[in-house]
Amino acid sequence: MRAIGIILAGGSSYRMKELSQKRAVCAMPVAGSYRSIDFALSNMTNSHIQKVAVFTQYNAGSLNEHLNSSKWWDFGRKQGGLYVFTPAITAEGSFWYRGTADAIAQNLSFLKNCHEPYVVITSGDCVYKMDYNKMLQFHKEKGAECTIAVMPVSMEEATRMGIMSTDENGAIVDFEEKPKQPKSNLASMGIYIFTWSVLREYLIADEADPSSENDFGKNIIPNFLKDNRPMYAYSFEGYWKDVGTLDSLWDANMDLLDPKDPINMRDPSFRIYARNYSAPATRIGSGAKVTNSFVAEGCTIRGNVEHSVLYTGCQIEEGAIVTGAVIMPNTIVRKGANVSYCIVGEQCVVEEGAKIGERPENYLDGDWGIAVVGHQRTIAAGSVIKPKEIV
């Protein structure tokens, strides 16, 4: 595929609260074996894009470590490679990335040495599978200079997303970023294909505009539209979930536990690749019961686990009950503890008899939500963390 791939992985997310204080959103665990960025990386390699740049920024330590070798996603250096960039200090000054467009503009020195005529840009915090070749073919057939992947959403969700209107041919005629009163429910998925020579001109002009917020949704896309550049919406019909909120992260993990598997993670022709952390095999004790769950390497399970996701190195002791939970790496759930419908961060200890979360059917008044425990917390013996509580 004659395109360079760019993954925007530098955003902070106040919506992730406790979980994003020490970890980038794109490094959030998903489905037991993956980080959220693995889906974008895998889409790139399955689309035969061999040169991929990732722009990281906030809390990037664990994310940069995750990306320190391209071999996990099969990006060969002879054909391209995986390149990771953070904001740099130069003789001219130093800036955090001021927006999604600025992240690319700050790295034009790398991109100008690339000879691919197209660029595929996506965020690293979404769970989905997409063959970008099909989108690029659409881009070429339409004679587009910008193509945006879209899908319908509820009108409530539309207020939090980039929303566009199209004509009968799929050409974009209107675009609004997070409108209070949306004109349509056709939402941008944050996946773009640009003709690189055109985008480069707009990035340079945007950097020179002191009033710009240096953002694709707020500046670049509206400027393309204002100049009547050929822009088209590419309809996507598969599963897609932005995991940039606590609720959506939990939802995505629960969705992937569905036996119907909305993205077919086991499809050998379109694999989801991930880094192998080389932990020992999981041990399931003779008295344990595990039902419809993802359990990563290195876990020890002696209690009951149902419809849950356990990451590397978790320990579930005898008599503990885990239901509808997402438990991040190296967390211990002690004897008699009950962990339900919640997210528990890394390196936590849930002491004996503690209770976290509650089944939604026990809250018929609708005032229910997942409980969340941040990283490296100890939940004292016998204590109770209620639904919607964050500690």
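Residues numbered from 1 in each chain as written. Predicted model: local features only at pLDDT ≥ 70, side-chain atom pairs only at ≥ 80, totals over all residues. Heavy atoms only, no water.

Draft legend 1. Region of interest: the overall build of the chain. Scanning the chain for helices and strands turns up nine helices and 30 strands. Computed over C-alpha atoms, the radius of gyration of the chain comes to 22 Å, within 12% of the 21 Å expected from 2.2 N^0.38 for 391 residues, which places it in the range of a compact globule. Here the C-alpha coordinates of the chain stretch approximately 65 × 50 × 45 Å along the principal axes. Per-residue burial over the chain gives 54% buried out of 391 residues. In the chain, the proportion of contacts linking residues at least 24 apart, taken out of those at least 6 apart, comes to 59%. Of the roughly 17600 Å² of accessible surface on the chain, 46% is carried by carbon and sulfur atoms. One way to put it: in the chain the 39 positive side-chain charges average out to a point 5 Å from where the 45 negative ones average out. (Helix = DSSP H or I, 4+ residues; strand = E, 2+ residues; numbered from the N terminus. Rg over C-alpha atoms; globule rule 2.2 N^0.38 Å. Buried < 20%, exposed > 50% of the residue type's maximum accessible area, 1.4 Å probe, protein only. Contact = heavy atoms within 4.5 Å. Areas by Shrake-Rupley, 256 points an atom, 1.4 Å probe, with all protein chains shown as cover. Lys, Arg positive; Asp, Glu negative; His and termini not counted. Charge placed at Lys NZ, Arg CZ, Asp CG, Glu CD.)

Draft legend 2. How the structure looks around the pairing of strand 10 (residues 146–152). Counting buried residues along strand 10, six of its seven residues qualify, which places the element largely inside the surrounding structure. Alignment of strand 10 against strand 13 (residues 186–195), held across six bridges, turns out to be antiparallel. In the sheet register, valine 150 faces strand 13, and the bridge partner there is serine 188. Summarising the sheet, strand 10 and strand 14 (residues 231–235) pair through five bridges and their orientation is parallel. Within the sheet, the bridge partner assigned to alanine 149 lies in strand 14 and is tyrosine 234. (Pairing = 2+ DSSP bridges.)

Draft legend 3. View of the side chain of glutamate 116. Relative to the assigned elements, glutamate 116 resides in the loop between helix 4 (108–111) and strand 8 (118–123). Discounting chain neighbours no more than four positions away, the residues touching glutamate 116 are Arg2, Ala3, Ile4, Lys51 and Trp196.

Draft legend 4. Spotlight on helix 8 (residues 216–226). Residues of helix 8 that are buried include every one of Phe216, Gly217, Asn219, Ile220, Ile221 and Phe224, and no others. Among the residues of helix 8, the N-terminal cap falls to aspartate 215, whose side-chain oxygen and the backbone nitrogen of glycine 217 are separated by 2.9 Å. Note on helix 8: the residue one or two positions beyond its end, asparagine 228, has a positive phi of about 60°. (Polar contact = N/O pair within 3.5 Å; in protein donor to acceptor, adjacent residues only side chain to side chain.)

Draft legend 5. Seen up close, the packing of aromatic side chains. Within the structure shown, the criterion is met by 14 aromatic pairs. Look at tyrosine 192 and phenylalanine 216: their rings are 5.4 Å apart centre to centre, the planes differ by 20°, and that puts the pair in the stacked class. Here tyrosine 192, found in strand 13, pairs with phenylalanine 216, found in helix 8; they are 24 residues apart in sequence, far enough to count as distant. Note on tyrosine 192: relative accessible area 9%, which makes it buried. A residue is classified by how much of its surface remains accessible, and phenylalanine 216, at 1% relative accessible area, is buried. Centre to centre, the rings of tryptophan 250 and tyrosine 341 are 6.2 Å apart; their planes meet at 50°, and the pair counts as tilted. Remark: tyrosine 341 occurs in strand 25 (residues 338–344) and tryptophan 250 occurs in helix 9 (residues 246–256); sequence separation between them is 91 residues. Ring pairing ties together the aromatic residues Tyr192, Phe194, Tyr202, Phe216 and Phe224, which thus form one cluster. (Phe/Tyr/Trp six-rings, centres within 6.5 Å; stacked < 30°, edge-to-face > 60°.)

Draft legend 6. Structural view of the sheet that holds strand 16 (residues 283–284). One open sheet accounts for six strands, arranged 16-19-22-24-26-29; its pairing is parallel. Of all the strands in the sheet, the pair left with one neighbour each is strand 16 and strand 29 (378–379). Note that strand 19 (residues 300–301) and strand 22 (residues 315–316) share two bridges and pair parallel. If you follow isoleucine 301 over to strand 22, its bridge partner there is isoleucine 316.

Draft legend 7. Representation of the pattern of salt bridges in the model. Counting across every chain of the model gives 13 salt bridges. Here arginine 98 ties to aspartate 102 by a salt bridge, and the two come within 3.0 Å at their closest N and O atoms. For arginine 98, a relative accessible area of 43% gives the class partly exposed. Looking at aspartate 102, the relative accessible area reads 0%, which means it is buried. Between glutamate 361 and arginine 359 there is a salt bridge, and its shortest N-O distance comes to 3.4 Å. Three or more residues are tied together by salt bridges with common partners; here these are Arg98, Asp102 and Glu207. (Salt bridge = Lys/Arg side-chain N within 4 Å of Asp/Glu carboxyl O.)

Geometric descriptors of this kind do not, in isolation, establish any biological role.
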